[in-house]
Every structure is written in C-alpha cells, then in structure tokens.
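Structural characterization, general
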Amino acid sequence: YLTVSIEPLPPVVVGDSVTLKCNIKTDGRMREIVWYRVTEGGTIRQKIFTFDAMFSTNSSHMENYRKREELVYRSTVRLPDVRISDNGPYECHVGIYDRASWEKVVLASARVLLNVMAPPTSISVVAADTPAPFSRYQAQNFTLVCVVAGGKPAPLVYFKRDGEPIEATPLPEPPSSSSGGGGAGSDRDLQEGRAPRNLLHRDLDDTKVPKPLWAAEEEVQGRRPPSTLEPPRGLAAERGPATEAIPETVVSREFPRWVHVTEPIYYVRHAQLPISDGTVEARATLTWTLNPQIDNEALFSCEVKHPALSMPMQAEVTLVAPKGPKITMTPTRARVGDTVRILVQGFQNEVFPEPLFTWTRVGSRLLDGSAEHDGKELVLERVPAELNGSMYRCTAQNPLGSTDTHTRLIVFENPNIPRGTEDSDGSISSRCSFQLALALTLTVILELT
C-alpha cells in the first residue's frame, strides 16, 4: 500500500523561493525518495534530491515491520531564487520494500508543474515610419508602436489617450499602407473581410469630393435628387476608376474641412515574439488617421498589466509639432576657406515624433549645387567670399506640423588668403594661373620685340 501526492503550487515570480512538498502514505517500510526535474518535454529527468533509507542515520521511520501501521511521510525540496529556467514539471518518486520479498521494491510517483512568471523588464513607445513629412492637405495614417520585453506569460497591452482607455478595433494584420494612399485594394479588402486601408472617420468637404460621372448626369437630368447621393467613403485617393478628379484650387482655412473630426477610429494589432530565455516580446500597434488640429499635444500612453506586477507599467508620449528650432553655426566667425557647420541643436519644446530636417538656400542652390539637403546638419566645405550674406532655411517637420527658421552666413576675409585669390569653392583661384600665363606671354612678346 503506497500513495504519493504533491501539493499544488501557485504561480511564482522570478526571484522567489519555492518549497516542493511531497506527501507519502504507506504501511510499508521506506526504501528511498527521489526528486526529479523533468526537461526536454519529459524525455530527460534530472535528479535534484535523494533520500536513501538504507544509509540514513535517522531511525524514526524504522517501525516494527510486523505492526503494518500506516505511516505518513513528507519530503520537501526548497528551490531558492527561482529563475525562468526552473519553470516546468517536477516529480517525486517513492519506493518501499515489498511485503513478500525484501529484494523487491514497490514504486509510486507524483508530478507537479512549477509555473515561474517574469514581469516585463522594459516598455517603450515609438512612432512607426518616422521621420515623415507634414502634409497639410492630405490625410495621413499614423501608427504608435508599444514594445514590451521580458515578460512571462505575455502581458496585456492597451493604449490610453489623455488618461482615458482607447476603444480600438482589433486588426489581424497591420494596415497595408501607412499613408492615405489606396485604390482598388480597399474594395478588395472589404470583400475578403479584412479591415479597410483608409482609417478616416470625418465629415467630407463637399466642395472637394469628386462625384461619379453617372451621378452628375442623373443630377443634371433630374432623375435623382442630389440629397439622396451617398457620400463616398474613405480617402479621395481611394476612388474607383469611374470617378472624375477635381483638383483643389482654393483653401479657405489652414486645414481643409475634412480635418475637423471629433471621434477618430482607432485600430489595434497585437503580436508576440518568443525570446530564447523563455520570455516573450509583446508588440501593440495603434493606428488612426492623424488630425493635426486635435492630436497636437495629445498624451498617449501604453500600459501593461501582468500577474507578476503589483501595478501596471506604462510609457507615455506626447504628440507635439516642432517649434522654434535652435540653430548653431561653427565657427562663429567664418572666414574664407573655412568649413562651416550649421546644426539644429534642439527646439523650444519636446518634439515627438522625430522631425524631418530639410535645408535650402534662399534664392539659390546650395554650395554643392543641390537644391536641398536632408539631415540635422548642413556642412559647407571651404566657403568662398561670394557666400557672405547668404540666407539658409531649415524646415523641421513631423506629421503634426512644420516650422521654418533662417540663419545668415557672414564670411570674413582670411588673412592667409590674399584678397581676390579664392574661387567659388574656396580654393586658390584659377586667376593665379591665368595671370602667370599672361605674364609669360608678355615676356615672350617683349623679347620678340
């Protein structure tokens, strides 16, 4: 007679200490108790504890064999400072001597699953597909990505706007376009049951909505009142082929009427990526049609709930358009032939997402002949005197807005370079070679004379 059971374990958190308890009931004589850790899907058993009664000095269990009394034993194993690698099943194997033969051993075992949880170690929110330009007249989809790493099991990730939870429509796969482009693919998405590419939810500006040719003809012939026409859905760029494109020629306000919206539609998608240490990386994407008027200075937060956390983790970002770039120029007193660096060091405010920088020269091309230069820094190699007083414009923009700032380049004379001997690229002018050739020619003429 032998029964073995292990007390069930609640989930534990990485770093905790765990005690495995094996309860044994028998009226026989104890032979051994062995604890195993089961790995590789049950194919490998790693011995972690052994009690052998033959070599034990503890004689309290050596009862009179003839009494046949039922005895209760408990074997405990303590696992200090558990790790993710300790997760998995454990088994308690017990052997007693057979009543009929001392040479035989009766075996019984029990199993328990140790579930080790790990709280997320990091959380961050980034903007997808940035830096990106600002478009005043075209709707743009915008995506925030929340990355949560180091959790086990996978955490629950959700978004908030200005402290209020966002009710978002789940997406099985990410939107196929990050901007307002589309076409016939939108109708195909609807037919296949996928979410539409356009994420607009707005009142359309009737003066800027093209009408189908058949609708215009019926309206002229009086067969259908204009009020019964259903407004087209989605972006203007996603019209069917049988539409008439009407270009925008007049903009009466800073933003077209379609930008005015009170209730954006949000789409969310969740994904999980297993990590080699047994944890997962959870990603949540939130996509909607950006409205620069109401989304500027909006606070978005990504929050995480996890059974190993006493309170939610969160990461916050505030959508802000760039304002007041701070530009520095080195050297502060540029001389002819110097290399000048014009750099954007920061803004008057915190900007998110990352801006896109474009440099142009007012009224002319840049020193290298290009019309514009992208990047946070503009480098002018070996500036010539002709650039003195030239004006440079830096345009900083993100999907929420744009701002321009100008700086003027003042070029001083260089005492190491004689006046008038530099060319447009800052090197010694070809005039020297010309003057030398002219002098040689005059010498030859005088000698001939």
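Residues numbered from 1 in each chain as written. Predicted model: local features only at pLDDT ≥ 70, side-chain atom pairs only at ≥ 80, totals over all residues. Heavy atoms only, no water.

Per an unreviewed UniProt entry, the protein chain is named Immunoglobulin superfamily member 21, and its organism is Nothoprocta pentlandii. In the Subcellular location (unreviewed entry) part of its UniProt record, the protein chain is described as follows: "Postsynaptic cell membrane". UniProt's Function (unreviewed entry) comment on the protein chain is quoted here verbatim: "Involved in synaptic inhibition in the brain. Selectively regulates inhibitory presynaptic differentiation through interacting with presynaptic NRXN2." (UniProt positions renumbered as here; feature names shortened; annotations may be inferred.)

The next subject is the overall build of the protein chain. Helix and strand content of the protein chain: four helices and 27 strands. Taken across its 449 residues, the protein chain has 40% of its residues classed as buried. Summarising the internal contacts of the protein chain: among those between residues at least 6 apart in sequence, 68% fall at separations of at least 24. (Helix = DSSP H or I, 4+ residues; strand = E, 2+ residues; numbered from the N terminus. Buried < 20%, exposed > 50% of the residue type's maximum accessible area, 1.4 Å probe, protein only. Contact = heavy atoms within 4.5 Å.)

Before going further, it helps to spend a moment on the pairing of strand 22 (residues 356–361). Across the six residues of strand 22, five count as buried, placing the element largely inside the fold. When strand 22 meets strand 25 (residues 391–398), the two strands line up antiparallel, connected through six bridges. Looking across to strand 25, one finds that Leu356 is bridged to Gln397. By the bridge criterion, two bridges tie strand 22 to strand 23 (residues 373–374) in an arrangement that is antiparallel. Bridged to Trp359 within strand 23 is His373. (Pairing = 2+ DSSP bridges.)

Here the focus is the packing of aromatic side chains. In total, this model carries four aromatic pairs according to the counting rule given. Residues Phe142 and Trp288 carry aromatic rings whose centres are separated by 5.4 Å and whose planes lie at 80° to one another, so their mutual orientation is edge-to-face. Note that Phe142 is positioned in strand 11 (residues 141–151) and Trp288 in strand 16 (residues 280–289), a separation of 146 residues in sequence. Of the two residues examined, Phe142 and Trp288, each falls in the buried class. Seen in terms of ring centroids, Tyr266 and Trp288 are 5.4 Å apart; in terms of plane orientation they differ by 55°. Their pairing is tilted. Placement of the pair is Tyr266 in strand 15 (residues 266–274) and Trp288 in strand 16, with a sequence separation of 22 residues. Pair check on accessibility: Tyr266 and Trp288 agree, each one buried. The side chain of Arg333 reaches across the aromatic face of Phe412, ending 3.9 Å from its centre. (Phe/Tyr/Trp six-rings, centres within 6.5 Å; stacked < 30°, edge-to-face > 60°. Lys NZ or Arg CZ within 6 Å of the ring centre and 35° of its normal.)

All chains considered together, the criterion is met by nine salt bridges. The salt bridge involving Glu91 is made with Arg45; its shortest N-O contact spans 2.7 Å. One end of the pair, Glu91, is in strand 7 (residues 88–97); the other, Arg45, is in strand 5 (residues 44–52), with 46 residues separating them in the sequence. Owing to a relative accessible area of 5%, Glu91 belongs among the buried residues under this scheme. As a salt-bridge pair, Arg283 and Glu281 come within 3.0 Å of each other at their nearest N and O atoms. Accessibility expressed as a relative area gives 18% for Glu281, which makes it buried. Salt bridges sharing common partners tie together Arg45, Glu91 and Arg111. (Salt bridge = Lys/Arg side-chain N within 4 Å of Asp/Glu carboxyl O.)

With respect to the helices, strands and loops of the structure, Thr143 is situated in strand 11. Classification of Thr143 by relative accessible area gives buried; the value is 15%. Polar side-chain contacts of Thr143 include one of 2.9 Å to the side chain of Thr287. Excluding its chain neighbours within four sequence positions, the residues that come into contact with Thr143 are Val126, Ala127, Ala128, Thr285, Leu286 and Thr287. (Polar contact = N/O pair within 3.5 Å; in protein donor to acceptor, adjacent residues only side chain to side chain.)

Read from one edge to the other, the open sheet built from three strands follows the order 1-3-6, with strand pairing classed as antiparallel. With partners counted over all chains shown, the strands left at the sheet margins are strand 1 (2–6) and strand 6 (71–79), one partner each. The sheet shows a mean angle of 15° between the axes of neighbouring strands, taken without regard to direction. Bridge count between strand 1 and strand 3 (residues 18–26): five bridges; the pairing is antiparallel. If you follow Ser5 over to strand 3, its bridge partner there is Asn23. (Axes fitted to C-alpha atoms, helices over the stretch in contact; angles between N-to-C directions.)

Enumeration over the complete set of coordinates arrives at two disulfides. One disulfide in the model links Cys22 with Cys92; its S-S distance is 2.2 Å. Note on the Cys22 and Cys92 pair: the S-S dihedral is about -85°, so by sign convention the disulfide is left-handed. Here Cys92 lies in strand 7 and Cys22 lies in strand 3, a separation of 70 residues in the sequence. On the accessibility criterion, Cys92 (0% relative accessible area) is buried. Residue pairing for Cys146: its cysteine sulfur links by disulfide to Cys302, the two sulfurs lying 1.9 Å apart. Given an S-S torsion of about -75°, the disulfide between Cys146 and Cys302 has left-handed geometry. With a gap of 156 residues between them, Cys146 in strand 11 and Cys302 in strand 17 (residues 299–305) connect regions that are remote in the sequence. For the pair formed by Cys146 and Cys302, the shared burial category is buried. Of note for the protein chain: the bonded cysteines, numbered N- to C-terminal, pair according to 1-2, 3-4. (Disulfide = S-S within 2.5 Å.)

For the rest of this paragraph, the subject is the sheet that holds strand 17. With antiparallel pairing, the four strands of this open sheet are ordered in space as 13-12-17-18. Each end of this open sheet is capped by a strand with a single partner; those strands are strand 13 (164–165) and strand 18 (313–318). In this structure, strand 17 lies alongside strand 18, joined through six bridges in antiparallel fashion. Within strand 18, the position partnered with Phe300 by the bridge is Val317.

The amide bond that connects Thr130 to the next residue, Pro131, takes the cis arrangement and shows omega of 5°. By the secondary structure assignment, Pro131 is in the loop between strand 10 (122–127) and strand 11. Here the bond from Thr330 into Pro331 is cis, since omega is -5°, no more than 30 degrees from zero. You can see Pro331 is positioned in the loop between strand 19 (326–330) and strand 20 (334–335). Even without glycine at this site, Asp162 takes up a positive phi of about 50°. Summarising the element assignment, Asp162 is placed in the loop between strand 12 (156–161) and strand 13. Phi at Glu297 takes a positive value of approximately 70°, unusual for a residue other than glycine.

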